[in-house]
Amino acid sequence: MTMVCLSDFEEYAKQHLSKATWDYYDAGADDCCTRDDNLLAYKRIRLRPRILRDVSLNDTRTSVLGMEISFPVGIAPTAFHCLAWHEGELATARATEALNTCYIASTYSTCSVEEIAAAAPSGYRWFQLYLYRDRKLSEQIVRRVEALGFKALVLTVDVPYTGKRRNDIRNQFKLPPHLKVKNFEGMFQEQTGPQEEYGIPANTLDPSISWKDVCWLQSLSRLPIIIKGILTKEDAELAVEHGVQGIIVSNHGGRQLDGGPATIDCLPEIVDAVQGRVEVYMDGGIRTGNDVLKAIALGAKCVFIGRPAIWGLAYKGEEGVREILQILHDEFRLCMALSGCRNVAEINRNLIQLSRL
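Residues numbered from 1 in each chain as written. Predicted model: local features only at pLDDT ≥ 70, side-chain atom pairs only at ≥ 80, totals over all residues. Heavy atoms only, no water.

### Quick word on the pattern of salt bridges
Summed over the entire model, instances satisfying the criterion amount to 22 salt bridges. Between Asp265 and Arg44 there is a salt bridge, and its shortest N-O distance comes to 3.1 Å. Here Asp265 is found in helix H10 (residues 263-274), whereas its partner Arg44 is found in the loop between helix H3 (33-43) and strand E1 (62-64), with 221 residues between them in sequence. A relative accessible area of 38% places Asp265 in the partly exposed class. One salt bridge connects Glu318 with Arg94, and the closest N-O pair in it is separated by 3.0 Å. Here Glu318 is found in helix H12 (residues 307-338), whereas its partner Arg94 is found in helix H4 (residues 89-98), with 224 residues between them in sequence. It is possible to trace a salt-bridge network through shared partners that takes in Glu87, Arg94, Glu318 and Arg322. (Salt bridge = Lys/Arg side-chain N within 4 Å of Asp/Glu carboxyl O. Helix = DSSP H or I, 4+ residues; strand = E, 2+ residues; numbered from the N terminus. Buried < 20%, exposed > 50% of the residue type's maximum accessible area, 1.4 Å probe, protein only.)

### Some thoughts on the nonpolar core
Core analysis: the largest hydrophobic core is formed by 107 residues, its most contacted members being Phe80, Tyr108 and Leu267. Per-element accounting of this core gives the leading share, 14 residues, to H12. Filtering out sequence-adjacent residues up to four positions away, Leu267 remains in contact with Val249, Val280, Met282, Ala295, Leu298, Gly299 and Ala300. (Core = buried A, V, L, I, M, F, W, Y, C linked by side-chain atoms within 4.5 Å. Contact = heavy atoms within 4.5 Å.)

### Some remarks on the pairing of strand E11 (residues 279-283)
Of all 5 residues in E11, 4 are buried, a share of seventy percent or more. Pairing of strand E10 (residues 246-249) with E11, which is carried by 4 bridges, proceeds in the parallel orientation. The partner of Ile247 across the bridge, within E11, is Val280. Strand direction decides the pairing type here: E11 and strand E12 (residues 302-305), joined by 3 bridges, are parallel. In the sheet register, Tyr281 faces E12, and the bridge partner there is Cys302. The β-α-β motif built from E11, the intervening helix H11 (residues 289-297) and the parallel element E12 has right-handed crossover chirality. (Pairing = 2+ DSSP bridges. Right-handed = clockwise from strand over helix to strand, strands pointing away.)

### Some remarks on the UniProt feature "binding site: glyoxylate" (unreviewed entry) in the protein
Here the UniProt-annotated "binding site: glyoxylate" (unreviewed entry) positions come out as Tyr24, Arg165, His252 and Arg255. Spatial clustering of the annotated residues is evident: they stretch over 232 residues in sequence, but the largest pairwise C-alpha distance comes to 13.4 Å. Along the chain, Tyr24 turns up in helix H2 (residues 19-26). Not counting the four nearest positions on each side in its chain, Tyr24 is found in contact with Ala79, Phe80, Asp168, Phe173, Tyr198 and Arg255. Mapped onto the elements, Arg165 comes out in the loop between strand E6 (153-156) and helix H7 (166-171). (UniProt positions renumbered as here; feature names shortened; annotations may be inferred.)

### Section: unusual backbone geometry
Phi is positive for Asp54, which is not a glycine, with a value near 50 degrees. Looking at the element boundaries, Asp54 is found in the loop between H3 and E1. The backbone of Leu65 shows a phi angle near 50 degrees, a positive value even though the residue is not glycine.

### Some thoughts on the side chain of Thr263
Structurally, the position occupied by Thr263 is in helix H10. Assessed through its relative accessible area of 0%, Thr263 is described here as buried. For Thr263, the side chain forms a polar contact with the main-chain oxygen of Gly284, separated by 3.5 Å. Residues contacting Thr263, with those up to four places away along its chain left out, are Asn38, Leu231, Val249, Ser250, Asn251, Met282, Asp283 and Gly284. (Polar contact = N/O pair within 3.5 Å; in protein donor to acceptor, adjacent residues only side chain to side chain.)

### A closer look at the pairing of E6
Because side chains alternate across E6, one face comprises the buried residues Leu153 and Leu155, and the other comprises Val154 and Thr156, equally buried. By the bridge criterion, 3 bridges tie strand E5 (residues 124-129) to E6 in an arrangement that is parallel. The residue of E6 that forms the bridge with Gln128 is Val154. Crossover connection from E5 via helix H6 (residues 135-147) to parallel E6: handedness right-handed.

### Some details on the packing of H6 against helix H8 (residues 211-220)
Here H6 crosses H8 at 40 degrees, and the two axes come no closer than 11 Å. As judged from the angle between their axes, H6 and H8 are oblique. Here H6 runs over H8; the crossing is right-handed. Seen from H6, the contacting residues are Arg135, Ser138, Glu139, Val142, Arg143 and Glu146; seen from H8, they are Asp213, Trp216, Leu217 and Leu220. (Axes fitted to C-alpha atoms, helices over the stretch in contact; angles between N-to-C directions. Parallel < 35°, antiparallel > 145°, perpendicular 65-115°, else oblique. Left-handed = near helix turned anticlockwise from the far one by under 90°.)

Shown next, in the form of C-alpha cells:
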C-alpha cells in the first residue's frame, strides 16, 4: 500500500494494533468533543494565497529556543511507544534526529531517557515532565535529563487528575507485563496501595501543583522551562510573569477536559497576550502540511504531532515515523509555495481570512 497522507497511516494502525492499544491512543475524554474539534477547527480556517511571488526556491527551516530545525513540526510527548513498535521511543528518537527536528520525550516512555539519548546522540530533545506528590521523583528525572543533554523541560500542567477515558475503563487498560514505565523502573516496588494507573501507582500525580512549583523547578535546573497545557490569555500572561521560556498551547489531545476549545482556536489570543516575549508552540489536530501552515500563520513558532507519530511507528517503526515527518514536510513546503511564501518568516496572519475565524 502506498502511504500518501497521514490518514493512510491512521487506517493501517487501526487495523493492525490490538483494540485495547488502539483505543488507548485514540481516546479522548468523555464524549470526545474536544478531541474531534481539534481536527475540525482547521477545516473552518480559510487561506488568502498571494500569487506571482517567485516561489522557485522556498525554505522551510525555522528555530526553536535558538536551535535551527528543518521545518516547524516536532514530535509531541506521547506515552508507551513500545505498544506500537518493539523499539518504541528509540525508533521515534532516531527518526526525529534523521529529519533534524525536535522530539519531546515523555515521562511515560517505555524506554529510559538514557536509552533514548544513546539511540539518537545528535538528536535535539526536550523532556516532558509531570510533578509528583513525591517531589524527589521529579527531581531525580530532571537531574538525569539535564546530564544527558536534553535541552528543555516541558512541564505538563493540565493533569492534576487523569481525564475520564471511557474505553480505557471498559478495556481495563494496563501495560502488558513485558513493558514498564522505564524512567521509574524499580522506584515504586515498595509501594502498596491503590491499583496502578497507566503504569505507575494511582495517586502519584500531585493535584496541588501551582505556579509556585514553576519557581521550584527553576531553582532546580538551568534548563529552559516550557509550560504545556495553556489555553487562555490569562494563564499565558501568568506564564510570562513567572519567567518561562515557552508555552505549548495544548488540550492534551482532547484527553483531559472535554468541552474545552480546539487548540488552534486558542492560539491567536495567546500569541497576542505574550507579544513575542516567549515562544508559542501548539499541538492537537495537525494532520496535513496545510494545518501546519495555518498554525504558523496564526503565530505558532512550531507545532507538535502526537497520534500521527504512533501511527508511523505501528506501520514501520523508525521508517514509518520518518515517512510521517517527510510527508508533513513536503505538504508544508507545497502549501507555502502555493500561498506565495518563500520562507517561514513570510508566513503571517495576512495569510488567514480573519473574517472566517
